[in-house]
Amino acid sequence: MDLTYTAEEEDFRARLRAWLAVALPTLPPKPSPDDWPGRRKYDTAWQRALFDAGYADVHWDASPTLRLIFLEETETAGAPYVGANFVGLLHAGPTIDAEGTAEQRERWLRPILTGEAVWCQGFSEPDAGSDLAALRTRAVRDGDAYVVTGSKIWTSHAEVADWCELLVRTDPDAPKHRGISWLAMPMDAAGITVRPLRTLAGSTEFAEVFLDEVRVPVANRVGAENDGWRVTMVTLSFERGTAFVGEVVACRRTLGELARTARANGRWDDAVLRRRLGRLHAEFAALWRLIQWNVSEAQATGGVPGTGGSVFKLRYSHARQELYDTAAEVLGPDALDLSRDWTLDRLSSLSYTIAAGTSQIQRNIVAERILGLPKDR
């Protein structure tokens with residue numbers, strides 16, 4: 001498998017790098033982390049700038065390799081992360097592009113790309129835990145609409161979202177993986193209550209969402225009725241396969257900053273710490289190669305990442321936690337200072353072995369779908 005870049009791809013990198021050098025100095029100050037309306041405005045303005053410059057559609061209309069280059073260069077340059085746009089750009093949008101009808105793509109993709117529409121993810125439920133297919137939110141067909149009742153939890157950016165990618169049970173009598181449908185729910189529909197949740201780090205990017213007989217048009221269903229689990233696997237393949245690319249670049253940059261800080265505060269004299277930093281350097285270099293491999297596979301198979309995304313997500317989740325545990329060693333007592341970026345990053349890293357499918361779920365996927373081991377009976 002060829003992991004090198006073509007001349008055309010390197011030209012794309014050079015043009016993007018030059019544009020970023022001009023665009024980034026014009027950005028306004030970032031809003032407060034708790035100001036989600038302000039953050040939405042900031043994030044969607046950046047998305048509009050990308051659209052106007054011709055880079056917004058890189059998530060879908062460009063090759064997986066160009067998508068990789070885009071994420072690498074924007075993160076390296078310190079460009080704004082997708083922020084409030086991440087569900088639409090990295091999850092719902094690619095899923096609609098791959099599985100939606102022509103009318104659905106026409107309706108939903110451009111507003112995501114221009115920053116006009118923000119999406120949230122309504123997958124997890126309070127009583128389902130890691131077993132996503134055990135969801136109990138019901139959708140009963142009533143003419144040309146579904147009447148949805150239930151609740152969701154860990155719904156990212158629900159308080160500022162326009163749309164929700166929602167999993168519902170449309171056939172309660174079918175085996176649990178076969179009675180699910182994937183809906184696009186407008187967040188201004190009657191019967192929706194959003195309750196923000198405060199994380200360990202003090203942020204409120206998640207929310208509980210309560211659904212009381214919410215009417216969602218049948219036309220908002222992506223894929224066939226009761227085929228939502230297969231569509232969901234497409235969504236999760238994007239979430240596990242390419243959504244963390246920029247974060248790996250950020251982690252590699254953090255490693256360099258940790259080494260410089262350790263040299264400055266005397267922690268570099270600790271041979272054990274130096275070996276740990278060296279091992280993490282090799283770990284993230286290997287993860288970057290795994291990303292390239294997954295992207296090459298996606299490019300060869302139509303653009304949807306494969307099960308290799310689970311291998312990446314499993315190892316990356318733990319490597320990120322190890323990275324910020326090491327950061328705490330470098331900082332010493334300062335690691336308790338919540339004003340330090342690495343301290344907040346360490347707290348948020350605890351969620352990575354849960355988000356986008358727990359590590360236990362990823363191990364099952366690797367065992368059954370890659371190694372061919374039998375399922376537990």
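Structural notes, computed from the coordinates. (Residues numbered from 1 in each chain as written. Predicted model: local features only at pLDDT ≥ 70, side-chain atom pairs only at ≥ 80, totals over all residues. Heavy atoms only, no water.)

### Focus: the overall build of the chain
Heads up, the rule is: Helical segments are the DSSP runs of H or I of at least four residues, strand segments are the runs of E of at least two, and each set is numbered from the N terminus. Whether two residues touch is decided by their heavy atoms; if any such pair falls within 4.5 Å, the residues are in contact. For the accessible areas, the method is Shrake-Rupley and the probe is 1.4 Å, while residue cover comes only from the protein chains on display.
In terms of regular secondary structure, the chain is built from 11 helices and 8 strands. Of the contacts made within the chain by residues no fewer than 6 positions apart, 74% connect residues no fewer than 24 positions apart. Accessible surface, the chain as shown: approximately 17,500 Å² in total, 53% of it carbon and sulfur.

### Some points on helix 5 (residues 102-114)
Count 3.6 residues to each turn of an α-helix, and residues three or four apart come out pointing the same way. Counted only if it meets this: What a helix should span is 1.5 Å times the count of its residues minus one. Two axes are fitted around each residue, one to the seven residues ending there and one to the seven starting there, and the angle between them is reported as the bend at that residue. Only protein chains enter the area calculation, which uses a 1.4 Å probe; residues under 20% of their type maximum are buried, those over 50% are exposed, and those in between are partly exposed.
With 13 residues, helix 5 ought to run about 18 Å at 1.5 Å a step, and its terminal C-alpha atoms sit 19 Å apart, in line with that. Bending of helix 5 peaks at approximately 25° at the position of Trp-108, with proline Pro-111 no more than four residues after it. Here helix 5 has its buried residues at Gln-104, Trp-108, Leu-109, Ile-112, Leu-113 and Thr-114. Buried residues belonging to helix 5 abut helix 2 (36-53), helix 4 (86-99), strand 1 (119-122), strand 4 (163-169), strand 5 (180-186) and strand 8 (221-222).

### What to know about the pattern of salt bridges
Inclusion rule: In the sections that follow, a salt bridge refers to a side-chain nitrogen of Lys or Arg positioned within 4 Å of a carboxyl oxygen of Asp or Glu.
All told, the structure shown has 22 salt bridges when counted by the stated rule. Put simply, Arg-13 and Glu-10 hold a salt bridge, and the shortest N to O gap is 3.1 Å. One end of the pair is Arg-13 and the other is Glu-10, both in helix 1 (residues 7-23) and 3 residues apart, which spans about a single turn. Beyond isolated ion pairs, a larger network of salt bridges with shared partners links Glu-10, Arg-13, Arg-17, Glu-72 and Glu-73.

Take it as geometry only, folks, not as evidence of what the structure does.
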